Amino acid sequence: MQKGSFSPLTPRFPLRPDPVPRETVPSFLSRFAAMRRTPVVEFAQNMGFSFRRLLDGDPEALDSLAHWAGLTSAGIGALQSWSGEPIGDARMRLRDEVFISRALRNPTLRGCPTCLREDASAHSGVSVEAMAMRGDWQLREVTLCLKHRHLLVPLWTADNRYARYDFAARFKEIEAALLAGTMDRPACDPTEYDLWLDRRLEDGEDHTWLANHGLYPATAFCRLLGMELLRLQADPGQGDIHRLRAAQQAGFAVARQGEAAISAAFMALVEASGGKREEPKAVFGQLHTKLRTDYVHDPAFDPFRQLLRDCILSVWPVAAGETVLGEVQPERRLHSLYSAAKEVGVTEELLEPFLIEAGALTAGDPRFSNRRVFSAKDHAALLAEIPTLVSLKTLQREIGVSRTELARLVSEGLLTPRMQNVAVHLRWSLTQAMDLLGDLMARAQQISTADAGWEPLLAASRRCRRPIAALLDAVQNGKLVIGAVGDGFSDLRLRTTQLDLLVRPSDGPDMETPMTATAFGISVGIKDKGRFRALIDAGQTCATVMRNPKTGIENTVMTAADIADFHRRFVTMRTLSAETGRPIPELRADLKRAGVAVFAPEGQDFGRLFLREEVEAALGPAKPRKM
């Protein structure tokens, strides 16, 4: 503080003290009273105000003191700025910063013995007339006198505030110890935190990220964060005061850098914890407790609380409706293996393979199940479906299908498992199966078992040498009529007369009846019509253009030679399953493990088509096809 701010008016008392930089109002009044050889309470009354009013920062009392002491308004203002002014709601203002009252007011007063001894030695009169209490000493986050590199030490403790702030009387009690140096402590080097805090108090200078945050929340956060970070160190320091100082510096070293550094420090604490069910309270200790309780309604702590809340929500599977640091969460962001299994109502052992295959979890992750988290939103449908999955045996019973028919439906990809791990039995979607059956039943005519001229699907597939999938596709496209003698899949029938046309073309039994390119693509599992035509147009497989003798329209068809050429070069999942007798999901997993990629020259998309030579190199040659 500039000494010019204390330029005196004509004093009423010729014998008066000069304010000391950073001195408080009670200290100045106490020294003033000591010079007048009068108790401080009586001296205040003699000047027209009570000691209590002065301690409370009453403006009239301060004006009166300034008048009798010959201080300018700037001079008394400087004293008051270092004293702490009550502003209501258990808050005080110190150096234009707002603090909670207990951060400044404490029954135990601390100070620097060297400062007080220098005050006394520079004064020709009684020592207590010169010993001044500095305002920064009362802030509990200040622990060091930078001028002398001396730790602040407890001077006295008094519950009664009149006795506590009667400095002349209290200094008289410890004068001998102060002057003898028995209260001295070893010198202590200042930390970056000490220097930063002192500059903020002196003139508000701050070039760190904390500049935009109040000094009270900033210092409290540095201390609390630092205390937790010290747990990561092997030797945090000896003694309470040294541990406190180490914590302040550790927290400040992180917080000064900003949000990214703070978030990284939070994650370091998370990674250092290892409890099976360790929750945020245990991981973040007093930092979490204080932000959740003492500071939960203090908006000054909102930025720090939000950073910790974001960390918690990125690590822990917090359910919708739970409160995190005072804020109710509207939705769940994360699930863990533990929370998902509990919510779905299945075991972790059953759920884990599904989540691994879906990419939600990583196989072999050694972390506890409550730390293996994944996006709840991205995998909500999977979690909802898992309790409804059934075994293949249950699926067979529910849709009324024979084992042979079921095997064909699976091998042709009409029914697909929710996951490929064959060790998991409950992996089949009953919903998918019922949807397939329901769609066919909706198209089916109700017929009697006595009605002639109808064939079961499996028999029709064998007689026409067409996949069931191709026949059902024709049904869905309105090219084949379907009937039903009951409510199960085995009860579905196709018209014999329509199937005869597929077996015996109308233009003669001896004439080769080539299949259209589109139909052939469907029969081998390339259901997107445009993809197989694109394969032909790109010159990747042979096809023949023929004119229909009845209509004169040209069609692209696949002759026996064209089909043989296709099979020599390519395989699809459906043809590979037919050749090997293995189910499609199992083959798909093997090709994935072997790194066999789909055929896509220059990025072209022909569907799930593979080069035969690559497949056989990975899986071994398949048995010869029968054309």
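Residues numbered from 1 in each chain as written. Predicted model: local features only at pLDDT ≥ 70, side-chain atom pairs only at ≥ 80, totals over all residues. Heavy atoms only, no water.

Enquirer: Requested: an account of the overall build of the protein, with residues and values cited.
Expert: Assigned secondary structure in the protein consists of 29 helices and 20 strands. Since a compact globule built from 627 residues should have a radius of gyration of about 25 Å, the 43 Å found for the protein marks it as more spread out than a globular shape. Its C-alpha atoms give the protein principal-axis dimensions of about 135 × 45 × 45 Å. Counting all 627 residues of the protein, 49% fall into the buried class. On the protein, roughly 30,200 Å² of surface is accessible, and the fraction owed to carbon and sulfur atoms is 51%. Of the side-chain charges in the protein, 79 are positive and 78 negative, and the distance between the mean point of each set is 3 Å. (Helix = DSSP H or I, 4+ residues; strand = E, 2+ residues; numbered from the N terminus. Rg over C-alpha atoms; globule rule 2.2 N^0.38 Å. Buried < 20%, exposed > 50% of the residue type's maximum accessible area, 1.4 Å probe, protein only. Areas by Shrake-Rupley, 256 points an atom, 1.4 Å probe, with all protein chains shown as cover. Lys, Arg positive; Asp, Glu negative; His and termini not counted. Charge placed at Lys NZ, Arg CZ, Asp CG, Glu CD.)

Enquirer: Account for the pattern of salt bridges, with residues named and values stated.
Expert: Applying the stated criterion across every chain yields a total of 44 salt bridges. With a closest N to O distance of 2.9 Å, arginine 367 and aspartate 365 form a salt bridge. Note on arginine 367: relative accessible area 46%, which makes it partly exposed. Between arginine 397 and glutamate 398 there is a salt bridge, and its shortest N-O distance comes to 3.7 Å. Take arginine 397: its relative accessible area is 55%, and that puts it in the exposed class. Here glutamate 398 falls in the partly exposed class, since its relative accessible area comes to 41%. Connected via shared salt-bridge partners are Arg22, Asp136, Asp198 and Glu202. (Salt bridge = Lys/Arg side-chain N within 4 Å of Asp/Glu carboxyl O.)

Enquirer: Report on the sheet that holds strand S13 (residues 454-456), specifying residues and quantitative values.
Expert: With respect to topology, four strands assemble into an open sheet ordered S12-S14-S15-S13, the strand pairing being mixed. Looking at the sheet topology across the chains shown, the edges are occupied by strand S12 (445-446) and S13. (Pairing = 2+ DSSP bridges.)

Enquirer: Outline the packing of helix H6 (residues 113-121) against helix H8 (residues 167-180), listing residues and values.
Expert: In the contact formed by H6 and H8, the axes pass within 10 Å of each other and the chain directions differ by 100°. As far as their axial angle goes, H8 and H6 are roughly perpendicular. Judged by residue contacts, Pro113, Leu116, Arg117 and Ala120 of H6 engage Phe171, Leu178 and Leu179 from H8. When grouped by side-chain class, the residues that make up the contact of H6 with H8 number six nonpolar, no polar and one charged. (Axes fitted to C-alpha atoms, helices over the stretch in contact; angles between N-to-C directions. Parallel < 35°, antiparallel > 145°, perpendicular 65-115°, else oblique. Contact = heavy atoms within 4.5 Å. Nonpolar A, V, L, I, M, F, W, Y, C, P; charged D, E, K, R; others polar.)

Enquirer: Describe the packing of aromatic side chains, and please don't skip the residues or the numbers.
Expert: Under the definition given, this model contains 25 aromatic pairs. Their ring planes at 25° and their centres at 6.0 Å tell us that phenylalanine 599 and phenylalanine 606 sit as a pair that is stacked. Classification of phenylalanine 599 by relative accessible area gives buried; the value is 11%. Three or more aromatic residues joined by ring pairs make a cluster, and in this case those are Trp209, Phe221, Phe266, Phe284, Phe304 and Trp316. (Phe/Tyr/Trp six-rings, centres within 6.5 Å; stacked < 30°, edge-to-face > 60°.)

Enquirer: An account of unusual backbone geometry is needed here, citing residue identities and associated values.
Expert: Here alanine 90, not a glycine, exhibits a phi torsion of approximately 55°, which is positive. Within the secondary structure, alanine 90 is located in the loop between strand S1 (85-88) and strand S2 (91-94). For alanine 90, a relative accessible area of 48% translates into the label partly exposed. With phi around 50°, leucine 325 is a residue other than glycine that occupies positive phi space. Relative to the assigned elements, leucine 325 resides in the loop between strand S8 (323-324) and strand S9 (327-328). Residue classification places leucine 325 among the buried positions, given a relative accessible area of 2%.

Enquirer: Help me get a handle on the state of the cysteines, residues and values and all.
Expert: Summed over all chains, the structure comprises zero disulfides. Considering cysteine sulfurs only, cysteine 145 is the nearest to cysteine 112, which forms no disulfide, with 3.7 Å between them. Cysteine cysteine 222 is unpaired, with the sulfur of cysteine 311 as its nearest cysteine sulfur at 17 Å. Owing to a relative accessible area of 0%, cysteine 222 belongs among the buried residues under this scheme. (Disulfide = S-S within 2.5 Å.)

Enquirer: How would you sum up the sheet that holds S1? Please name residues and give values.
Expert: An order of S1-S2-S3 is seen for the three strands of this open sheet, with the pairing classed as antiparallel. The open sheet terminates on both sides in strands that have one partner only, identified here as S1 and strand S3 (97-100). Neighbour-to-neighbour, the strand axes of the sheet open up by a mean angle of 40°, direction not taken into account. In this sheet, S2 lies alongside S1 in antiparallel orientation, the contact comprising three bridges. In the strand pairing of S2, proline 86 is matched with methionine 92.

Enquirer: I'd like to hear about the side chain of histidine 288, residue by residue, with values.
Expert: Looking at where histidine 288 falls in the secondary structure, it is placed in helix H13 (residues 280-292). A relative accessible area of 8% places histidine 288 in the buried class. Beyond its immediate sequence surroundings of up to four residues, histidine 288 is in contact with Pro280, Lys281, Leu308, Ile312 and Leu325.

Enquirer: I'd like a description of helix H16 (residues 348-357), backed by residues and values.
Expert: Of all the residues in H16, the buried ones are Leu351, Pro353, Phe354 and Leu355. Looking at the buried side of H16, the elements it contacts are helix H15 (337-344), strand S11 (373-375) and helix H17 (380-385). Within two residues after H16, glycine 359 carries a phi angle of roughly 85°, on the positive side.

Enquirer: Which residues make up the confidence of the model for the protein, and what values go with them?
Expert: When the pLDDT values of the protein are averaged, the result is 88; 92% of them are 70 or greater. The least confident element of the protein is strand S17 (residues 544-547), whose mean pLDDT is 74; the most confident is strand S5 (residues 144-145), at 97. Across residues 1-11, where pLDDT falls below 50, the model places 20 contacts with residues more than four positions away in sequence or in other chains. Every residue in residues 504-511 scores below 50 in pLDDT, and together they form three contacts with partners more than four places removed in sequence or on other chains. (pLDDT = per-residue confidence, 0-100.)

Enquirer: Account for the pairing of S3, naming residues and giving values.
Expert: Where S2 lies against S3, four bridges are found, and the strand directions are antiparallel. Paired with leucine 94 across the bridge in S3 is glutamate 97.

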